[in-house]
Amino acid sequence: MVLKVFFPSCCSSADSGILIGRWLVEQSSAVVLAVVHFPFIPVQVKQYLGEVQRVTKVTISVLGSWSNSKQEKEEGLSEFLEDLGTIFSHEPWIQISKEGDSKFWSCSTLQKHSSSPKEEEVILVYYDQRKVMLSNLHPPLDTADGRAEDASKLSAIFSTVARSRVLFMTDRYDEGPIKLTHWQSEGVEASIIVELLKQASVPACMLLTCLLSLLSGICRSRVLKFWPLSFLWSKLSTCEQLGHRLQHLQVISSNKKAQTQTLLMRKANIFVSLLIDVSLGILLMSWLYRKNRIGHLADTLIPVADHVAEELQDLLQWLMGAPAGLKMNRALDQVLGRFFLYHIHLWISYIHLLSPFIEMILWYVGLSACLGLTVALCILSDIIALLTFHIYCFYVYGARLYCLKIYGLSSLWRLFRGKKWNVLRQRVDSCSYDLDQLFIGTLLFTILLFLLPTTALYYLVFTLLRLLVVIVQGLIHLLVDLIDSLPLYSLILRLCRSYRLAAGVKFRVLEQQDGKPLRLLMQINPLSYGAVVRTYRLPTYSCYPKDSWASLCKKLFLGELIYPWKHKGEKQD
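Being a predicted model, the structure only gives us computed values, none of them experimental.

Asks: Would you explain the overall build of the chain in this entry?
Replies: Check the secondary structure of the chain and you find 17 helices and 15 strands. Buried positions account for 40% of the 573 residues belonging to the chain. In the chain, the proportion of contacts linking residues at least 24 apart, taken out of those at least 6 apart, comes to 72%. For the chain, the exposed area adds up to about 33000 Å²; of that, 64% sits on carbon and sulfur atoms.

Asks: Help me understand helix H16 (residues 529-536) in this model?
Replies: Given 3.6 residues per helical turn, the α-helix brings residues three or four places apart onto the same face. If you check which residues of H16 are buried, you get Ala531, Val532 and Tyr536. One face of H16 carries all of its buried residues, which in axial projection span an arc of 105°.

Asks: Quick question: what am I supposed to make of unusual backbone geometry here?
Replies: If a residue is not glycine, its phi is most likely negative; likewise, a peptide bond is most likely trans. Notably, Ser28 is not glycine yet its phi reads approximately 50°, a positive angle. Considering the arrangement of structural elements, one finds Ser28 in the loop between strand E2 (17-24) and strand E3 (29-37). Accessibility expressed as a relative area gives 12% for Ser28, which makes it buried. Positive phi outside glycine occurs at Asn292, with the angle close to 55°. Here Asn292 shows up in the loop between helix H8 (261-288) and helix H9 (293-320).

Asks: Can you help me understand the packing of aromatic side chains in this one?
Replies: For any two aromatic rings, the description comes down to two numbers: the centre-to-centre distance and the angle of the planes. A complete count under the given rule lists 19 aromatic pairs for this structure. Plain terms: the ring middles of Phe340 and Phe394 are 4.9 Å apart, the flat faces sit at 70° to each other, and that makes the pair edge-to-face. Separated by 54 residues along the polypeptide, Phe340 in helix H10 (residues 330-354) and Phe394 in helix H13 (residues 389-416) bring together distant segments of the chain. Across the pair, Phe394 and Phe340 agree in class, each one buried. Seen from their ring centres, Phe394 and Phe462 are 5.2 Å apart, and the 45° between their planes marks the pair as tilted. Taken together, the residues span a long stretch of sequence, with Phe394 in helix H13 and Phe462 in helix H14 (residues 435-485) at a distance of 68 residues. A residue is classified by how much of its surface remains accessible, and Phe394, at 1% relative accessible area, is buried. What makes Phe462 buried here is its relative accessible area of 2%. Put simply, the rings of Phe339, Phe340, Phe394, Tyr397, Tyr458 and Phe462 pair up and form one aromatic cluster. A cation over an aromatic ring shows up here: Arg494 above the ring of Tyr529, its NZ or CZ 4.6 Å from the ring centre.

Asks: Can you walk me through the environment of His390 in this structure?
Replies: Relative to the assigned elements, His390 resides in helix H13. In this structure His390 comes out as buried when scored by relative accessible area, which is 5%. With 46 residues separating them along the chain, His390 and Ile344 place their C-alpha atoms 7.1 Å apart. The residues touching His390, leaving out its near neighbours within four places in the chain, are Val308, Leu312 and Trp347. In terms of polar contacts, His390 uses its side chain to reach the backbone carbonyl oxygen of Leu387, at 3.4 Å.

Asks: So what exactly am I meant to see when it comes to the pairing of strand E1 (residues 2-8) here?
Replies: Residues in a regular strand project their side chains so that they alternate between the two faces of the sheet. The element E1 is extensively covered by neighbouring structure, given that five of its seven residues are classed as buried. For E1 and strand E7 (residues 121-127), the ladder comprises seven bridges, and the chain directions are parallel. For Lys4, the partnering residue across the bridge sits in E7 and is Ile123. In the sheet, E1 pairs with E3 via three bridges, with the strands oriented parallel. By the bridge assignment, Phe6 is partnered in E3 with Val31.

Asks: I would appreciate a short explanation of a nonpolar patch on the surface in the present structure.
Replies: A contiguous nonpolar patch, built from Phe357, Met360, Ile361, Trp363, Tyr364 and Leu367 and spanning about 610 Å² of accessible area, is present on the exposed surface. With respect to the helices and strands, Leu367 occurs in helix H11 (residues 358-367).

Asks: Before we go on, may I ask you to explain the UniProt feature "transmembrane region" (unreviewed entry) in the chain in this structure?
Replies: In the UniProt entry, the feature "transmembrane region" (unreviewed entry) is given for residues 270-289, 335-354, 361-388, 437-461 and 467-492. As annotated, residues 361-388 comprises 79% helix and 0% strand, and the C-alpha atoms at either end are separated by 17 Å. The distance separating the terminal C-alpha atoms of residues 437-461 is 35 Å; by composition the span is 100% helix and 0% strand.

Asks: When you look at the environment of Thr535 in this model, what are you seeing that I'm missing?
Replies: Inspection of the secondary structure puts Thr535 in helix H16. For Thr535, a relative accessible area of 41% gives the class partly exposed. Thr535 sits 48 residues away from Pro487 along the chain, and the two C-alpha atoms are 9.0 Å apart.

Asks: I'm lost on the pattern of salt bridges in this one. Help?
Replies: Between side chains of opposite charge, pairing is possible as soon as their charged atoms come close. A full pass over the atoms with the stated rule returns two salt bridges. Residues Arg245 and Asp277 are paired through a salt bridge, measuring 3.0 Å at the closest nitrogen-oxygen approach. With Arg245 in helix H7 (residues 237-252) and Asp277 in helix H8, the pair connects residues that are 32 residues apart, well separated along the chain. Among the ionic pairs, Asp484 bridges to Arg245, the shortest N-O distance being 2.8 Å. Of the two residues, Asp484 sits in helix H14 while Arg245 sits in helix H7, which places them 239 residues apart along the sequence. Across the pair, exposure class does not vary: Asp484 and Arg245 are buried alike.

Asks: Help me understand the confidence of the model for the chain, please; the structure alone is not making it clear to me.
Replies: Interpretation of this model should avoid reading the predicted coordinates in detail wherever pLDDT is low. Looking at the chain, the pLDDT average stands at 79 and 79% of residues meet or exceed 70. Across the chain, the element-wise mean pLDDT spans from 43 in strand E15 (residues 566-567) up to 89 in helix H15 (residues 488-496). Confidence over residues 140-146 falls short of pLDDT 50; this stretch has three contacts with residues more than four positions distant or in other chains. Counting interchain partners and residues more than four positions distant, the pLDDT-below-50 stretch residues 565-573 has 26 contacts.

Thresholds applied
- Residues numbered from 1 in each chain as written.
- Predicted model: local features only at pLDDT ≥ 70, side-chain atom pairs only at ≥ 80, totals over all residues.
- Heavy atoms only, no water.
- Helix = DSSP H or I, 4+ residues; strand = E, 2+ residues; numbered from the N terminus.
- Buried < 20%, exposed > 50% of the residue type's maximum accessible area, 1.4 Å probe, protein only.
- Contact = heavy atoms within 4.5 Å.
- Areas by Shrake-Rupley, 256 points an atom, 1.4 Å probe, with all protein chains shown as cover.
- Arc of directions from axis to C-beta.
- Phe/Tyr/Trp six-rings, centres within 6.5 Å; stacked < 30°, edge-to-face > 60°.
- Lys NZ or Arg CZ within 6 Å of the ring centre and 35° of its normal.
- Polar contact = N/O pair within 3.5 Å; in protein donor to acceptor, adjacent residues only side chain to side chain.
- Pairing = 2+ DSSP bridges.
- Patch = residues over 30% accessible without salt bridge, like charges linked within 9 Å, V, L, I, M, F, W, Y side chains within 5 Å.
- Salt bridge = Lys/Arg side-chain N within 4 Å of Asp/Glu carboxyl O.
- UniProt positions renumbered as here; feature names shortened; annotations may be inferred.
- pLDDT = per-residue confidence, 0-100.

Following this line, the structure appears as structure tokens:
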């Protein structure tokens, strides 16, 4: 039987004493947590361990003795350390001794109460107590049975060290009857700034919670559920982003303590994401209001809108002629061209009507950047949607007209074959038609077929323009989702303190010597950056359509409307 002893590397220079820790019977392993060195009273040690066990719910006991014979006066302690096994009854009793500055230690076990004591092979595993204490083991989710069992064994060791936090709060400066050596024995690791922030965060969170509850009550009020406001709230991406950030603030300001490491990391990721988002938004706002950039932007916006309108007029004039040498239906071509030219005229009038107020609108819109860069980007997306509303109208008109002709031709084609669409059963059934129906169907089919190229050309042109606007809006929302969902705190933690996100451990064999136990060094394997993103990625408010290329081409061919994104709970047309 092989006995594994996990020994903290910080205790390698501790004075002689006794080893306290946890014995894992299922794994035949002993996890050493600290060294109690002389002088001590055994009764006080047992009382102290009982208090620690009551608080931590971890079975902590005296595992054995530790002998560090670097001083001459400690050379006669070996017999005394062996006799301690009768006071602290633990089976097996582990004896670890270090001679001078030698890196090869002696490790043996005693089984005094066993009828047939036998020598056990011992493996000495060194581990960094601070890293194991502060880390959180993340075993892979898709492990096989054997690997999952190994992960559970490692989790028991990590959990033993992490739950013994109370044991590490005693350092050498405490005036108590027991002196311990562990990773914080030189002084408890703390920060005055962190403690002050913790104390100040309590009233700040209470005030923020009250404000957020007031805002949530306003958002849930019935006023916003009436038609115009509810429609704008569901369609404007700015409103969706503000609601998403409001939920994030509610999570951060909650006075409930995070029960798991995942919830704690989620709160930290949301806080860092909000902090960076607001910082970037303030930088953008300071850049906009410097050197009168708002005024320059307002002066540029009207000429750009006029230029886009002129380009559309030239495009329509080209379509009303003979585009690319194609022979179009002149009557339908002139009707569609004049219809769209009239809309462009209305659009130019609308832009010039708003021109005196554009600088003021942009000035107030720039102030919204203090709410975050994502809010400013969503406002930019909404402004693009408003400025290209005429292109959207052209696309809808062309798509509906093209869709009407496609479905009309498909229905008339079924008439030629003696078929019809059964609405109740949702299938194509046979049907007999009389001569008048076939004659009228033939006329309508011929008319629609010869008018289809003209309609298809307009639909194709306006669909390409719409797709251009959709791509720009999609890139903006992709950037917003990246800022919202990227776990920045976890990535920074992975970069600076990778041991905090442990995916597992690896054991490195150290230098060996005959007659000495096998020595291993346990090192922490951190999560990869991809695994960190997948594990701690934050949810976003928009979900992009998962249509395949075949489905997208089918929608384009049938003239169905395409949107850049769809909100949760909203179906595409």
